[in-house]
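The residues making up each chain are set out below.
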Amino acid sequence: MIEVSDVRKSFGKLEVLKGINLTVKKGEVLSMIGGSGSGKSTMLMCINGLEPIQSGRIVVDGIDVHAKSTDLNHLRKRIGIVFQQWNAFPHLTVLENVMLAPRKVLKKNRQEAEQIAVRHLKHVGLGEKLKVFPSRLSGGQQQRMAIARALAMSPDYMLFDEVTSALDPQLVGEVLDTMRMLSKEGMTMIVVTHEMRFAREVSDRVAYFHQGKIHEIGSPEQIFGSPNQPETANFLKSVHGA
Amino acid sequence: MFKYSFQWRPVLQALPEMLWGAVVTMQIALIAMAIGIVVGVAIALGRRSANGIVRSLSTGWVEIARNTPALLQIYMVYFGLGTLGVRVDSFYALLAGIAFNNAGYLAETFRGGFAGVPETQFRASRSLGMSAFQTMGYIILPQMFRLVFHAMTNQMVWSILMTSLGVVVGLTTDLTGVVQQLNVRTFRTFEYFLVAACLYFLIAKVVTVAARILAWRLFRY
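Conventions used here
Residues numbered from 1 in each chain as written. Chains lettered and ligands numbered in written order. Predicted model: local features only at pLDDT ≥ 70, side-chain atom pairs only at ≥ 80, totals over all residues. pLDDT = per-residue confidence, 0-100. Helix = DSSP H or I, 4+ residues; strand = E, 2+ residues; numbered from the N terminus. Pairing = 2+ DSSP bridges. Axes fitted to C-alpha atoms, helices over the stretch in contact; angles between N-to-C directions. Contact = placed C-beta atoms within 7 Å. Buried ≥ 20, exposed ≤ 12 C-beta atoms within 10 Å, placed from the backbone. Parallel < 35°, antiparallel > 145°, perpendicular 65-115°, else oblique. Left-handed = near helix turned anticlockwise from the far one by under 90°. Nonpolar A, V, L, I, M, F, W, Y, C, P; charged D, E, K, R; others polar. Core = buried A, V, L, I, M, F, W, Y, C linked by C-beta atoms within 7 Å. Expected span 1.5 Å × (residues − 1). Right-handed = clockwise from strand over helix to strand, strands pointing away.

J.: Looking at this structure, I do not really get the confidence of the model for chain B. What am I missing?
T.: Residue and element names in this part refer to chain B. The predicted model of chain B has a mean per-residue pLDDT of 92, with 99% of residues at 70 or higher. The least confident element of chain B is helix 1 (residues 9-13), whose mean pLDDT is 82; the most confident is helix 7 (residues 132-147), at 96. Scored as a whole, the predicted complex attains pTM 0.86, and scored at its interfaces, ipTM 0.87.

J.: Help me out: how do you make sense of the sheet that holds strand 1 (residues 2-11) of chain A in this one?
T.: Sheet strands associate in pairs through backbone hydrogen bonding, adopting either a parallel or an antiparallel arrangement. All names here are of chain A. Here we have four strands laid out as an open sheet, ordered 2-1-4-5, and antiparallel in their pairing. A single partner strand is all that each edge strand has here, and the edge strands are strand 2 (14-24) and strand 5 (63-64). When strand 4 (residues 55-60) meets strand 5, the two strands line up antiparallel, connected through two bridges. Counterpart to V59 in the pairing with strand 5 is D64.

J.: Please explain the sheet that holds strand 8 (residues 188-192) of chain A as it appears in this structure.
T.: Residue and element names in this part refer to chain A. One open sheet holds the six strands; their spatial order is 6-7-8-3-9-10, and the pairing between them is mixed. Edge strands, defined here as strands with exactly one partner in the open sheet, are strand 6 (79-82) and strand 10 (213-218). Looking at each pair of strands side by side, their axes are set apart by 20 degrees on average, direction ignored. Packed onto the sheet, helix 5 (residues 139-151) meets strand 6 and strand 7 (157-161) and runs at close to 170 degrees relative to strand 6.

J.: Please explain unusual backbone geometry as it appears in this structure.
T.: Peptide bonds are mostly trans, and most non-glycine residues show a negative phi. Positive phi, normally seen in glycine, also occurs at S154(A), with a value near 45 degrees. The phi dihedral of F187(B) falls on the positive side, at around 60 degrees, and the residue is not glycine. If you trace the backbone, F187(B) turns up in the loop between helix 9 (175-186) and helix 10 (189-218). For F187(B), a count of 9 C-beta atoms within 10 Å translates into the label exposed.

J.: I'm lost on the packing of helix 5 (residues 90-116) of chain B against helix 8 (residues 149-162) of chain B in this one. Help?
T.: Between two packed helices, both the angle of their axes relative to each other and the distance between the axes serve to describe the pair. Residue and element names in this part refer to chain B. Between helix 5 and helix 8, the shortest axis-to-axis distance is 11 Å and the interhelical angle comes to 165 degrees. One element, helix 5, and the other, helix 8, form an angle in the roughly antiparallel class. For the pair helix 5 and helix 8, the sense of crossing is right-handed. On helix 8, the residues touching I98, N101, N102, Y105, L106 and T109 of helix 5 are A151, M152, Q155, S159 and M162. Residues of the contact of helix 5 with helix 8, tallied by class, amount to six nonpolar, five polar and no charged.

J.: Would you mind showing me how to read the pairing of strand 8 of chain A here?
T.: Residue and element names in this part refer to chain A. The buried fraction of strand 8 amounts to five of the five residues, a majority that puts the element mostly inside the structure. Of the two faces of strand 8, the one holding T188, I190 and V192 and the one holding M189 and V191 are both buried throughout. The pairing of strand 3 (residues 29-34) with strand 8 spans four bridges and is classified as parallel. Within strand 8, the residue paired with M32 across the bridge is V192. Note: strand 7 against strand 8, five bridges, orientation parallel.

J.: What exactly am I supposed to notice about the interface of chain B and chain A here?
T.: With 17 residues of chain B in contact, the opposing surface of chain A contributes 20 residues. Among the secondary structure elements, those contributing two or more residues to the side of chain B that touches chain A are helix 6 (119-127) and helix 7 of chain B. When the residues that make up the side of chain B that touches chain A are grouped by side-chain class, the tally is seven nonpolar, seven polar and three charged.

J.: How do you make sense of the nonpolar core when you look at a structure like this?
T.: Counting residues in hydrophobic clusters, the biggest one holds 73 residues, and the most contacted among them are M32(A), I47(A), V98(A), A148(A), L159(A) and F160(A). Setting aside anything within four residues of it in sequence, one finds I47(A) in contact with I2(A), I58(A), V65(A), I79(A) and L159(A). V39(B), A93(B), L94(B) and M156(B) belong to the second largest nonpolar core, which has 36 residues in total.

J.: How do you make sense of the packing of helix 9 of chain B against helix 10 of chain B when you look at a structure like this?
T.: Residue and element names in this part refer to chain B. Interaxial distance between helix 9 and helix 10 falls to 9 Å at its minimum, and their mutual angle equals 170 degrees. Between helix 9 and helix 10, the interaxial angle falls into the category roughly antiparallel. Here the hand of the crossing between helix 9 and helix 10 comes out right-handed. Every residue of helix 10 that contacts helix 9 at L175, T176, V179, L182 and N183 is listed here: T189, Y192, F193, A196, L199 and Y200. Of the residues in the contact of helix 9 with helix 10, the class split is eight nonpolar, three polar and no charged.

J.: When you look at helix 5 of chain B in this model, what are you seeing that I'm missing?
T.: Because an α-helix packs 3.6 residues into every turn, residues spaced three or four apart end up facing the same way. In this model helix 5 of chain B runs 39 Å from its N-terminal to its C-terminal C-alpha over 27 residues, within 8% of the 39 Å that 1.5 Å per residue would give. Counting buried positions over the 27 residues of helix 5 of chain B gives 20, a clear majority of the element.

J.: What am I meant to see in the pairing of strand 7 of chain A here?
T.: All names here are of chain A. Judged by how many residues are buried, strand 7 sits mostly within the fold: five of five residues are covered. In this structure, strand 6 lies alongside strand 7, joined through four bridges in parallel fashion. The residue bridging I79 from the neighbouring strand is Y157, located in strand 7. The handedness of the strand 7 to strand 8 crossover, carried by helix 6 (residues 169-184), is right-handed.

Structure (structure tokens):
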């Protein structure tokens, strides 16, 4: 379970998170939607400690992420994250990209790590691309590789930060399909996305971020069908219009 | 007016001796390069350190290494330490001088290289649970070295050529030192130094080509 309580976060003088409260249960898929600069991506970075917070608490399975005593490397084994820019390691083959962390962090031997990597790469449909360097892959393939790389650590949680925003439109589908598959398998996921159809279809709950706060949170039917807040309705209208 | 007659036979006879000198030259250049790379990386990182003292020391090293003659840097190690009562063998004085110079130049090269590796690579690696140290070793450094590989090859060649400065601190075993000794014995100055220059040229070329092959093997992406 991920418990976020009254989290505040600033970049210099700019406060981007103004008191966030949120609970994500095991097996749940939560989508975060909202305009750019509303704080949703920053929230993700704070959950696995890539960004520090100024006040409040984020607790993952009883571990306080931002406590001084917390071993972040240890915690991050259990929280996978995939970024908007897929961040393939360009000097490693697809297989090596996925094998690296299981070997160096989970201390698996080469054989085990390779088995794990191959399994996850096949799972995301890249079984034919093992020996290829990322530069030879399309954006969609690189993003699926990034998903496999995160999954290879057998995380309990997966965070997705606008993972389709930098993709060509015709490549978005294959990445969303991969995520759909994960949600069906029961993975706990927090998904920052602009893909409203996807959010509506896959999520258990949807949170609308507005000006550093969760302005409204509820079931996809409620948020998309009958939003309580005028800002939510306005936002959805503007996105649908686009 | 042109009384000098070339005598090549003694030079050819001395060739094996000169080749041994070339081996010593390579030895010094390679060790100095290895030290330069390790220290250079440390300095490049030191210049981004949060600690002000580390930052100034690193910057100071780069400034001195790049803005003073290599000759004087070698003098400093040999005579400077000598004045303080530390007797340094000329081989090690030369080695230290060149390593100092290499580290300064390479640090600056590496700084550019590090800037060329996207910050997001660091994030992606840390997000997989890899430590800062692992991230540096497996993700950042390999990419950085690729970016600066050709600049490093240049420094390696420069490092080889710098070894000829060993003669000023009395080194007699490297290529220039050997030739200098032969010259004193025979006064066949031009012939010896011409052959020595050719040998330096050859070594430098071989190193450049070897580096190119290495790069081709190493950087397949």
